[in-house]
Number of protein chains: 2
Amino acid sequence: MATARGYHHGDLRAALIRAAADAVEAGGPDAVSLRELAQSLGVSTAAPYRHFADRTALLNEVAALGFADLNAAYARAQAGAATPQAAMRETARAYLNLAFGRPGLFRLMFASDLVGAADAPASLLVPAGEAWESLFRAVAALDPAADLATVKRRAITGWSTLHGFITLVQGGRLKGFMTEPLTEAELLDAILDKTLNEA
Amino acid sequence: MATARGYHHGDLRAALIRAAADAVEAGGPDAVSLRELAQSLGVSTAAPYRHFADRTALLNEVAALGFADLNAAYARAQAGAATPQAAMRETARAYLNLAFGRPGLFRLMFASDLVGAADAPASLLVPAGEAWESLFRAVAALDPAADLATVKRRAITGWSTLHGFITLVQGGRLKGFMTEPLTEAELLDAILDKTLNEA
DNA sequence: GTTGCAATGTAAGTGTCGCTTACATGGAGA
DNA sequence: TCTCCATGTAAGCGACACTTACATTGCAAC
């Protein structure tokens, strides 16, 4: 991989994914331009289409890598926890870390239509589904006696609270409301407590 | 207004806002093309720029009308309720009605960057701020003894849960998870109960 | 009424975008 | 060594947001 760049690039596919991930992080999903990526990598504007059917296919790949990262973080969180409660808390923190640590990637994964698209490829749906199942298992472990519907309700409600908070904060909706007597960290703790204490 | 369309349109500005609102509802914020709107209204592609500085300015106007509608619905909900609990419940339902009844508009108002933008105009920020304050008042009325930070925390947490649930459902993230032993209606009730019962 | 002007329209053009088509190159296997 | 095919390029299409220079017209002052 990566020759001194003659006619052939060497590993254009991987380079495109890397560059696209950088662009997503810098300016969100809409900031990814195939022409721009191609130019920055020193290839023609048509070259990316040898590796990806269209812009969406490239973004799908970036999002899939994001879900792979998230799943790995979930696994670490749950493996290193002493109790189901600690595992749940660390799982939620992993989600928050991704959201606030790599907001561009998070938006691509959760705020775009990629996963919800009717023609979403398995390479994206599978890791996205694994993330949900991992979260579900963490909730189920909190209360082994709970039936399926209860666990689902708890998982969906908790996920909704976390996700909604992230979305509102990143959309700038809470500016000026979290400052005075209430910090973001306090809110996060309150939300985590609430998510945990409902079991 | 609205002559038989000679050289001048009559009320192009209002027609553009209406057409843009329809387009937003049909395909989301990204589906609005100024060229397309202009063509459908029978004017040149440059005409819209006599009334809106750019595409974002037009979308801001549509979103502002959406917030005006939401505020009116909030006011109705709170005026017609016998107790603070009922008022809160109806307020939340008004939010849900907008989200699921007019999802395209909802996405424009809450999932786009318009309100969060650094250069968002007052014509948008004012009604958006009113919506938040209306929600805040409804939460505060549930428990007059609660201090400011507590009310804020409850309002933000409850809003987050509602908003996150809507976002996840509309993003297709819960497909196949809400079907079997758990319907969407049950979940909504559970979420409303949870939002109410924390006071 | 006539006239002047500002509001509101148009035609044409710029630069960017995603994507396609036809052709060029060269590395890997027979 | 030769050939094939993956991978690259050049050129172009249509759509997009937006700009500029010019055309039309309703309205208000006279």
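Reading guide: rules and limits
- Throughout this document, residue positions are counted from 1 along each chain, in the order its sequence is written.
- Working convention: letters from A go to chains and numbers from 1 go to ligands, in the order in which they are written.
- In keeping with the predicted nature of the model, local features appear solely for residues at pLDDT of at least 70, side-chain atom pairs appear and are counted solely at 80 or more, and the whole-chain, interface and lining totals rest on all residues.
- Heavy atoms throughout the structure, all of them, feed into the side-chain values; hydrogens and water do not.
- Any residue with a heavy atom lying within 4 Å of a molecule or strand is counted as near it.
- As used in this structure description, the phrase polar contact means that two N or O atoms lie within 3.5 Å; if the pair is within protein, one of them must be able to donate a hydrogen and the other to accept it, and residues adjacent in sequence are counted only when both atoms belong to side chains.
- Secondary structure elements follow DSSP: runs of H or I of four or more residues count as helices, runs of E of two or more count as strands, with numbering from the N terminus.
- Under the scheme applied here, ten amino acids are nonpolar (Ala, Val, Leu, Ile, Met, Phe, Trp, Tyr, Cys and Pro), four are charged (Asp, Glu, Lys and Arg), and all others, including Gly, are polar.
- Only Phe, Tyr and Trp rings take part, Trp by its six-membered ring, and two of them pair if their centres are within 6.5 Å. Stacked means planes under 30 degrees apart, edge-to-face means over 60, and tilted covers everything else.
- The rule is simple: take the accessible area with a 1.4 Å probe, protein chains only, and divide by the maximum for that residue type; under 20% is buried, over 50% is exposed, in between is partly exposed.
- Least squares is the method for superposing the copies, and the C-alpha atoms it fits come from residues with pLDDT of at least 70 in both.
- Contacts are residue-level and defined by heavy atoms, with any inter-residue pair within 4.5 Å sufficient.
- Every axis corresponds to a line fitted to the C-alpha atoms, with the helix fit spanning only the stretch in contact, and the corresponding angles, defined between N-to-C directions, vary from 0 to 180 degrees.
- An angle below 35 degrees is treated as roughly parallel, one above 145 as roughly antiparallel, one from 65 to 115 as roughly perpendicular, and anything else as oblique.
- Boundary definitions for the domains trace back to an automatic or database domain assignment.
- In this description, buried area is defined as the sum, over both parts, of the accessible area (probe of 1.4 Å) that is lost when the two are combined.
- Take a side-chain nitrogen of Lys or Arg and a carboxyl oxygen of Asp or Glu: if they are within 4 Å of each other, that pair is a salt bridge.
- Site definitions follow a grid-based scheme: protein atoms alone, a 1 Å grid, a 1.4 Å probe that fits but cannot get out for cavities, and for pockets an open set with protein on both sides within 12 Å along at least five of seven lines, plus lining residues having an atom within 4 Å of a point.
- Grid points are joined across faces, edges and corners, and a volume is the space filled by probe spheres set on the points.
- In this scheme, a crossing is called left-handed if the near helix is turned counterclockwise away from the far one by less than a right angle; it is called right-handed if the turn is clockwise.

(A) Seen up close, the protein's contact with DNA strand C. Close to DNA strand C lie 24 residues, the nearest being Arg35(A), Tyr7(B), Ser44(B), Arg50(B) and His51(B). Take Ser33(A): an N or O atom from its side chain is 3.4 Å from a phosphate oxygen of DNA strand C. Between a phosphate oxygen of DNA strand C and a side-chain N or O atom of Tyr49(A), the distance comes to 3.4 Å. Counting residues per element, the surface near DNA strand C draws most heavily on helix H2 (residues 34-40) of chain A, at three residues. For the surface near DNA strand C, the class distribution of residues is 10 nonpolar, seven polar and seven charged.

(B) Representation of the packing of aromatic side chains. All names here are of chain A. On inspection of all chains with the given rule, the structure shows 15 aromatic pairs over all chains. Ring plane angle 70° and centroid distance 5.4 Å describe the contact between phenylalanine 67 and phenylalanine 110, whose orientation is recorded as edge-to-face. You can see phenylalanine 67 sitting in helix H3 (residues 55-79) and its partner phenylalanine 110 sitting in helix H5 (residues 103-111), a full 43 residues away along the chain. Accessibility expressed as a relative area gives 1% for phenylalanine 67, which makes it buried. Ring centres of tryptophan 132 and phenylalanine 136 lie 6.2 Å apart, and the angle between their planes is 45°; this geometry places the pair in the tilted category. Residue tryptophan 132 and its partner phenylalanine 136 are both found in helix H6 (residues 122-142); the two are separated by four residues, about one turn of the helix. By the burial criterion, tryptophan 132 is buried, and phenylalanine 136 matches it. Following the ring pairs from residue to residue traces out a cluster consisting of Phe67, Tyr95, Phe106, Phe110, Trp132, Phe136 and Trp159.

(C) Structural detail: the relation of the copies chain B and chain A. The transformation that overlays chain B on chain A combines an axial shift of 0.0 Å with a rotation of 180°, and the residual RMSD is 0.0 Å. Such a combination of rotation and displacement between the chain copies is what one expects of a two-fold axis. Interface residue correspondence from chain B to chain A reaches 100%, placing this contact among same-surface, isologous pairings.

(D) How the structure looks around the packing of helix H1 (residues 12-27) of chain B against helix H3 (residues 55-79) of chain B. Residues and elements named next belong to chain B. Where H1 meets H3, the axes come as close as 9 Å, and the angle between the chain directions of the two elements is 75°. Judged by the angle between their axes, H1 and H3 are roughly perpendicular. Contacts between H1 and H3 involve Arg13, Leu16, Ile17, Ala20, Ala21 and Val24 from the former and Leu58, Leu59, Glu61, Val62 and Leu65 from the latter. Residue composition of the contact of H1 with H3, grouped by class: nine nonpolar, no polar and two charged.

(E) Seen up close, the domain arrangement of chain A. All names here are of chain A. Here the domain parsing of chain A yields domain 1 (7-52) and domain 2 (63-197). When each unit is reduced to the centre of its C-alpha atoms, the spacing between domain 1 and domain 2 is 29 Å. Counting residues at the interface gives four residues for domain 1 and seven residues for domain 2. For the domain 1 and domain 2 pair, buried surface summed over both sides reaches about 460 Å², with 70% attributable to carbon and sulfur atoms.

(F) Inspection of the interface of chain B and chain A at higher detail. Each side of the interface is counted separately: chain B has 38 residues, and chain A has 38 residues. Looking at the side of chain B facing chain A, the largest losses of area belong to Arg173(B), Phe177(B) and Lys194(B), adding up to 20% of the total buried there. Summed over the shared surface of chain B and chain A, the number is two salt bridges. Between Asp113(A) and Arg107(B) there is a salt bridge, with the nearest N and O atoms lying 3.5 Å from each other. Joining chain B to chain A, the criterion identifies seven residue pairs in polar contact (both at pLDDT 80 or more).

(G) Structural context of the side chain of Thr161(B). Mapped onto the elements, Thr161(B) comes out in helix H7 (residues 148-170). For Thr161(B), a relative accessible area of 1% gives the class buried.

(H) Seen up close, empty space enclosed by the protein. All names here are of chain B. Using the criterion set out here, one finds three cavities of 30 Å³ or more in the structure. Taken as a whole, the second largest cavity encloses approximately 70 Å³ of empty space. Secondary structure elements with two or more residues in the lining of the second largest cavity: helix H4 (84-101), helix H6 (122-142) and H7. No other element matches the five residues that H7 contributes to the lining of the second largest cavity. Its residues assigned to classes, the lining of the second largest cavity shows nine nonpolar, three polar and one charged.

(I) Broad picture of the packing of H3(B) against H4(B). Residues and elements named next belong to chain B. For the pair H3 and H4, interaxial distance at closest approach is 8 Å and the crossing angle is 150°. Classed by the angle they form, the pair H3 and H4 counts as roughly antiparallel. In the crossing of H3 with H4, the sense of the turn from one axis to the other is right-handed. Seen from H3, the contacting residues are Leu70, Ala73, Tyr74, Ala77 and Gln78; seen from H4, they are Ala87, Glu90, Thr91, Ala94, Tyr95 and Leu98. Of the residues in the contact of H3 with H4, the class split is eight nonpolar, two polar and one charged.

(J) Structural view of the layout of surface pockets. One number sums up the size of the largest pocket: a volume of about 1400 Å³. As for the largest pocket, its lining consists of 48 residues, and the residues nearest its centre are Arg107(A), Ala111(A), Arg107(B), Ala111(B) and Ser112(B). Contributions of two or more residues to the lining of the largest pocket are made by helix H1 (12-27), H3, H5 and helix H7 (148-170) of chain A together with H1, H3, helix H5 (103-111) and H7 of chain B. For the lining of the largest pocket, a count of residues per class yields 20 nonpolar, 18 polar and 10 charged. Of the volumes computed, that of the second largest pocket is approximately 340 Å³.

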